[in-house]
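Observations on chain architecture
One-letter residues, chain by chain:
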Amino acid sequence: MSPHLELPSYRQMGLDVRARLYRNRQRPVVLEVERLEKRYGGEGGFLALQDVSFEVRQRELICVIGRSGCGKSTLIRTIAGLEAPTGGRILLDGREVHGPGPERGMVFQTYTLFPWLTVKGNVMFGLRMSGHGRAELEQEALRWIDIVGLSGFADHYPDQLSGGMKQRVAIARALANRPRILLMDEPFGALDAQTRTRMQGYLLQICSKVDVTVVFITHDLDEAVFLADRIVVLDGQAGPLQEVIEVPLSRPRTPEHLLDPAFLATKQRLETLIHSGETHDDEPDVPVRDGETALDRIEF
Ligand code: ADP
Ligand code: MG
């Protein structure tokens, strides 16, 4: 058992961390989730989300964590407008969301590229820029392909790309439409550990170059702490939102942050929160090896 680590208080945080949190709080609110409820199957149906409220500020990267089945995808699909809430509401720049819109871009876990289109064709697909000719659209697509580090692959087809590259194309395609907010549902979940780490670095680099706000779903605590400005912890059994945590780490994030006591303390706090709503009755005993917590082995 690792020693108990306290999250640093505001006064204990470095000046750069405090300045970052302060700047975040000054930015305008882009997305408001207000007392959101989602029940599937009508009256008496399954309650997937209940009383979830939080807000996201411009250029923030928010991670949403929680165990499998706790409603993470339901939340992001509702923000995307693919599901209608059964209670509460979602506001984007102060306007209530009804259905999908170009100001919200989506990246899913599974690859959603069109196999018959090249990388450039995929990024150009659905590019919403009125009054521009094909040459300009192509230029714009190439610019985004460059931003995600894939210049040189514009004429490749998806099946000629690795999983990580495909997800970078998906990110370029979503960003090319200049969404106000990028919604990502476990986008790196299908990648191997090494590629996943590299993709996290790419995403942070992209976010530092582009004015975009990100809601990123993951069940990987390391990923959440490494990426996020703040982390929303959703409860297990259709319970209410548990807590929103500010990540007390500076930017830019580097691999050294993984060893920072504040990183470990944040992760420990998240583990406690996720455990607290959990019943172990029907779970098999999971053998735990040295240096590995039980949570690393269980999908939650
Ligand atoms: P997560 O992404 O956190 O794993 P989901 O949002 O996918 O969770 O699902 C939350 C719960 O809602 C699950 O119990 C799931 O079975 C249920 N659910 C999801 N989509 C539907 C649907 N279209 N109809 C009925 N139940 C659903
Ligand atoms: Mg999901």
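Since we're looking at a predicted model, the values are computed, not measured.

**Digging into the sheet that holds strand β4 (residues 87–92)**
- The four strands are arranged β2-β1-β4-β5 in an open sheet whose pairing can be described as antiparallel. In the strand order of this sheet, the two ends are held by β2 (46–57) and β5 (95–96), each with one partner.
- In the sheet, β4 pairs with β5 via two bridges, with the strands oriented antiparallel. Its bridge partner being in β5, Leu91 is matched across the sheet by Glu96.
- Strands in contact with helix α2 (residues 72–80) are β1 (29–40), β2 and β4; relative to β1, the strand with the most contacts, it is inclined by about 120 degrees.

**Overview of the nonpolar core**
- Membership of the largest hydrophobic core comes to 70 residues, with the highest contact counts inside it found for Ile62, Val215 and Ile231.
- Element by element, the count of residues in this core is highest for helix α5 (residues 163–176), at seven residues.
- Composition of this core by domain shows at least three residues from each of domain 1 (13–103 + 183–278 + 290–297) and domain 2 (117–178).

**Some remarks on the site of ligand 1**
- As a matter of local geometry, ligand 1 sits amid Tyr40, Gly41, Phe46, Ala48, Gly66, Ser68, Gly69, Cys70, Gly71, Lys72, Ser73 and Thr74.
- Mapped by element, the contributors of at least two residues to the shell around ligand 1 are β2 and α2.
- Looking at the shell around ligand 1, its residues break down into four nonpolar, seven polar and one charged.

**Some remarks on the pairing of β2**
- The sheet contact formed by β1 and β2 spans eight bridges and is antiparallel. Paired with Tyr40 across the two strands is Phe46, which belongs to β2.
- Counted between consecutive antiparallel strands, the loop separating β1 from β2 contains five residues, among which Gly41 sits at a positive phi close to 85 degrees.

**Side note on the packing of helix α4 (residues 134–147) against α5**
- Taken N-terminus to C-terminus, the directions of α4 and α5 make an angle of 135 degrees; their axes are 9 Å apart at the nearest point. The pairing of α4 with α5 is recorded here as oblique in orientation. As for how α4 packs across α5, the hand of that crossing is right-handed. Counting all contacts with α4, which are made through Glu140, Ala141, Trp144, Ile145 and Ile147, the residues of α5 involved are Ala172, Leu175 and Ala176.
- Tallied by class, residues from the contact of α4 with α5 come to seven nonpolar, no polar and one charged.

**Side note on the confidence of the model for the chain**
- In the predicted model, the chain carries a mean pLDDT of 87, and 88% of its residues have values of at least 70.
- No element of the chain has a lower mean pLDDT than helix α9 (residues 294–297), which averages 35, and none a higher one than strand β8 (residues 213–217), which averages 98.
- pLDDT under 50 marks residues 279–300. Its contacts with residues more than four places away, or in other chains, come to 15 contacts.

What counts, and where the lines are drawn
- Residues numbered from 1 in each chain as written.
- Chains lettered and ligands numbered in written order.
- Predicted model: local features only at pLDDT ≥ 70, side-chain atom pairs only at ≥ 80, totals over all residues.
- Pairing = 2+ DSSP bridges.
- Helix = DSSP H or I, 4+ residues; strand = E, 2+ residues; numbered from the N terminus.
- Contact = placed C-beta atoms within 7 Å.
- Axes fitted to C-alpha atoms, helices over the stretch in contact; angles between N-to-C directions.
- Core = buried A, V, L, I, M, F, W, Y, C linked by C-beta atoms within 7 Å.
- Buried ≥ 20, exposed ≤ 12 C-beta atoms within 10 Å, placed from the backbone.
- Domains from an automatic or database assignment.
- Near = placed C-beta within 6 Å.
- Nonpolar A, V, L, I, M, F, W, Y, C, P; charged D, E, K, R; others polar.
- Parallel < 35°, antiparallel > 145°, perpendicular 65-115°, else oblique.
- Left-handed = near helix turned anticlockwise from the far one by under 90°.
- pLDDT = per-residue confidence, 0-100.

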